[in-house]
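Architecture and fold: a report
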Amino acid sequence: MDMNEIKEIFFQECEEQLAELESGLLRLNDGDRDPETVNAVFRAVHSIKGGAGAFGLDDLVSFAHVFETTLDCVRSNRLEPNQDVLKVMLKSADVLADLTNAARDGGSVDEARSRQLIKELEALANGELPQPAVSEPAAKPAPPAAPVAAPAPAPVVNEEGFQPVVFSFDDFEASEPPAIEPSTFEILFRPKSELYAKGNDATLLLRDLSRLGEMSIHCDMDELPALGSMNPEAAYFAWKISLKTDKGEEAIRSVFEFAEWDCELDVALAGGDHTGTGEEPPMQPVPFDLSLLDDDVPASSGAAEDEEQVVAQREARDDAVSAAATASNVLQMAQTARASAESNRSAAPTSSAAQAAAQQAASAATPTIRVDLDRVDRLINLVGELVINQAMLSQSVIENDTNGTSSINMGLEELQQLTREIQDSVMAIRAQPVKPVFQRMSRIVREIADMTGKSVRLVTEGENTEVDKTVIDKLAEPLTHMIRNAVDHGLETPEKRVAAGKNPEGTVRLTAKHRSGRIVIELADDGAGINREKVRQKAIDNDLIAADANLSDEEIDNLIFHAGFSTADKISDISGRGVGMDVVKRSIQALGGRINISSKPGQGSVFTMSLPLTLAVLDGMVVTVANQTLVVPLTAIVETLQPEASAIHSFGASQRLISIRNSFCPLVDVGRILNFRAIQANPVDGVALLVESEGGGQRALMVDAIQGQRQVVIKSLEANYTHVPGIAAATILGDGRVALILDVDAIVAASRGQTLKPEMSLAAAG
Amino acid sequence: MKKRVLTVDDSRTIRNMLLVTLNNAGFETIQAEDGVEGLEVLETANPDVIVTDINMPRLDGFGFIEGVRRNDRYRAVPILVLTTESDAEKKNRARQAGATGWIVKPFDPTKLIDAIERVTA
């Protein structure tokens, strides 16, 4: 593993921490005051800062640092996390996410915004109440290239003299200690017992000290009591050291950095008068040889004699009397003895139990593994090929083995089942909860609410609903746009809401659930609902419908999905980015999904999206149309029927209806609409598939014959060829031929050409 | 013989950095994700030195150090604290809990190895 891989891990972890951060802040926002929530939030920022520091991502570090400081105030109860405080923090979380992304992808961030937030965070940490956000209504993501004159009084940046400081930790390390004239220091070092208790070792400190220069050492054993009254955990020795070094006093003190609280330490320049003042007993300077500390050096006889030397301690291990030479050794021996005594006493049960517990902990701690997505995709592709291959095999066996009872046939059936199970299991690997996308939406809501001056609460449900990762990835964009729309167009201003007797705070509800093999995502707002008169008028103005068209409420509502349709009187900065609901609808359709709207005036609108759980396979009905093999997604089909001549009714010049249980349903000849043939086939010769399209009601699709029902592996047409209107994708059948998968909604929409002036004229495109 | 280092850190990034750095420097590395796991694996890890983070879920570094020091077998094993804060208060608390020394983040391989060598024979 190299640094780049670890960096990638870091960014993955950042994503998780950011999600953790946001959900924690949102919980706090909902009144959660669990200290663990605050801790988790703090840790998230702390973690990001720690990793960022290791990679030298200074912008990220400095912002995270300020954020962390403020969070620490909350953690220590010095700052009450009220709504205003949390508002700043949620925005800061957004900026932190931006900074992380910028660090990963090298993009730019809105520096003015991050500086503003640093200021706000610092103000919070200093106990200043957050200012109501009136002065800065638009934290507009202005491109840094064009600094927009902010409405706030003068650029706040200079006001306080705040400027980003390039802070490099390297400076501290790179700076070599200035060369100092070699001088001799007299050092007194008297460890306390705490020094040993914390795992420090006088020997090691002396070793480090000796590396600074020429050292001679004297061990003061005056306090050593008789062996019988010796406390094995006490510290009895002190050392007087004379060190000639050019590194300076700082370097000497830094050797004792970890120990300075747990010892008496006196460092003084010898001042040339090296022989001593006479107050102290005459010292015998002993040359200190570092190598003697090494265990590998054979015990020299000289060391044993010079018992007062600290270097003796290594050899002293063999000798009970001289073992007392240093307190640390005594301590170590006492511990070893006790440990061995204890382990003897309960050796078997403790160790095995501890091991079992450790193993259990290890397995509990790692219930998941991380797998590169490419590997999963490769597996899925292979399984796809396996499914096709298995279908081919089945087909040729059936063709060659007509009685259908051979053991080959039996085996094939089992193979089919196994293949299916493998496929399901592999698909499950790619399934992910929609949570990350939902979490991203809360940021969108905050931003739009800020820009529009509306007060909005986002409620999410079913965040743990799982769906294929590709679907999740592609869901974010349309969902973002819909959320923007819901807040910008759907919800009223607080004043209007109050006037309508509603809570001034609007609610946007985002839910996900599984329903009959698909995932259904609902986006509901409690706003004003769709103004049908306005929509209708707009559609007439834009030449989308005839002025006298008779449309149901539902059909009017669905008009907003048409290209170039925007009901906002003036195009707002938020939703009117040239992206309309038609684009949303198309991206949902591209995912094999459907979108539908229902709206109640004064009560709000609900957008319902229904998406397949996976984009890799599809249960389909294989049909024949004008000698072409097509696949119709099974989910779209309500029922199939053989039309009788008496049930077919002509309507207008070319329209035909079929009566099904006393209701009429338009007949759509798939062969005609895809331009497979010039004249409509006789419905009586074919089969009708009653399909339901999202928002478009029922249609009966006429095909020539049904071949059967089968699971097919979806191969994208867009990726391999180009988009074909009316066709969702392609697949490879058991006989090796390519079959096209019908886009039922597009077919139904095209068949409605009479009511709607078609922007997707399929008849011409097939 | 290789020295065994037990590292305790909840950040996957830092865990990986510790692992790479320590393995490159010739240490045997055992890793835990928080204080609770650290104490659980202590006996089997049987470390010569411990490196621990402070801010961790379930059991933080202070609690972990205290736990190690309560274990007679490990009460003198050197413990180094990884800390982003260089402020005296954090160090002091870590010391009181029984930490031997500290390594101030940002994570730096040289500093880490230096500190470990300082507290181990």
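Residues numbered from 1 in each chain as written. Chains lettered and ligands numbered in written order. Predicted model: local features only at pLDDT ≥ 70, side-chain atom pairs only at ≥ 80, totals over all residues. Heavy atoms only, no water.

As named in an unreviewed UniProt entry, chain B is Fis family transcriptional regulator, taken from Sinorhizobium americanum.

Just so we agree on the cut-off: UniProt positions are given in the numbering used here, feature names are shortened, and annotations may be inferred rather than shown by experiment.
The name given to chain A in an unreviewed UniProt entry is Chemotaxis protein CheA, with the source organism recorded as Rhizobium fredii. Under Function (unreviewed entry), UniProt gives the following word-for-word description of chain A: "Involved in the transmission of sensory signals from the chemoreceptors to the flagellar motors. CheA is autophosphorylated; it can transfer its phosphate group to either CheB or CheY."

**So, the packing of aromatic side chains**
All names here are of chain A. Under the convention used in this document: Ring pairs are drawn from Phe, Tyr and Trp, using the six-membered ring of Trp, whenever the two centres fall within 6.5 Å, and their geometry is named by plane angle: stacked under 30 degrees, edge-to-face over 60, tilted for the rest. Here a helix means four or more residues in a row that DSSP labels H or I, a strand means two or more in a row labelled E, and each is numbered from the N terminus. Summary of the burial criterion: residues with accessible area below 20% of their type's maximum are buried, those above 50% are exposed, and those between are partly exposed, where the area comes from a 1.4 Å probe applied to protein chains only.
With the rule as written, the count across this model stands at eight aromatic pairs over all chains. Geometrically, the ring pair formed by Phe10 and Phe55 is tilted, given 5.5 Å between the ring centres and 40° between the ring planes. With Phe10 in helix H1 (residues 3-29) and Phe55 in the loop between helix H2 (35-54) and helix H3 (58-75), this pair connects stretches of sequence that are 45 residues apart. Grouping residues by exposure puts Phe10 and Phe55 together as buried. For the pair Phe63 and Phe67, a centre-to-centre distance of 6.3 Å together with 70° between the ring planes defines the contact as edge-to-face. Of the two residues, Phe63 and Phe67 are both situated in helix H3; the distance of four residues between them amounts to about one turn of the helix.

**Regarding the sheet that holds strand S21 (residues 705-713) of chain A**
Residue and element names in this part refer to chain A. For clarity, the threshold we go by: We treat two strands as partners when DSSP finds at least two bridges between them. Note on geometry: axes are C-alpha line fits, over the in-contact stretch for helices, and angles between N-to-C directions span 0 to 180 degrees.
As summarised here, the arrangement of the five strands in space is S21-S13-S14-S23-S22, forming an open sheet in which the pairing is mixed. The sheet is open, and its two edges are formed by S21 and strand S22 (727-732), each paired on a single side. The sheet shows a mean angle of 35° between the axes of neighbouring strands, taken without regard to direction. Sheet topology places S22 next to strand S23 (residues 738-742); five bridges connect them, and they run antiparallel. Pairing of Ala729 across the sheet is with Ile741, part of S23.

**Let's talk about the interface of chain B and chain A**
Spelled out, the test is: The contact rule is simple, with two residues in contact once any of their heavy atoms fall within 4.5 Å. The quantity reported as buried area is the accessible area (1.4 Å probe) lost by two parts once they are put together, taken as the sum for both. Here, a salt bridge means any Lys or Arg side-chain nitrogen found within 4 Å of an Asp or Glu carboxyl oxygen. Here a polar contact is taken to be a pair of N or O atoms separated by no more than 3.5 Å, where protein atoms must pair a possible hydrogen donor with a possible acceptor and residues adjacent in sequence count only if both atoms sit in side chains. Polar here means any residue outside two lists: the nonpolar Ala, Val, Leu, Ile, Met, Phe, Trp, Tyr, Cys and Pro, and the charged Asp, Glu, Lys and Arg; Gly therefore counts as polar.
Contacts between the two partners involve 45 residues from chain B and, on the opposite side, 49 residues from chain A. Together, Arg12, Arg95 and Arg118 of chain B form the three largest contributors to the area buried by chain B at its contact with chain A, with a combined 19%. Linking chain B to chain A there are three salt bridges. Here Asp208 of chain A makes a salt bridge to Arg118 of chain B, at a shortest N to O gap of 3.9 Å. Taken together, chain B and chain A are joined by 13 residue pairs in polar contact (both at pLDDT 80 or more). Elements supplying a minimum of two residues to the side of chain B that touches chain A: helix H1 (12-24), helix H2 (35-45), helix H4 (88-97), strand S5 (101-104) and helix H5 (109-119) of chain B. Looking at the side of chain B that touches chain A, the element that brings in the most residues is H1 of chain B, giving six residues. Tallied by class, residues from the side of chain B that touches chain A come to 16 nonpolar, 11 polar and 18 charged.

**Quick look at helix H21 (residues 581-590) of chain A**
Residue and element names in this part refer to chain A. Rules: By definition, the arc is the one covered by directions from the helix axis to the C-beta atoms.
Within H21 the residues assigned to the buried category are Met581, Asp582, Val584 and Ile588. All buried residues of H21 fall inside an arc of 160° around its axis, so they share one side. Of the exposed residues in H21, the ones pointing more than 90 degrees away from its buried face are Arg586 and Ala590. Elements that come into contact with the buried residues of H21 comprise helix H17 (469-490), strand S11 (594-600) and strand S12 (604-612). Just downstream of H21 lies Gly592, where phi reads positive at about 75°.

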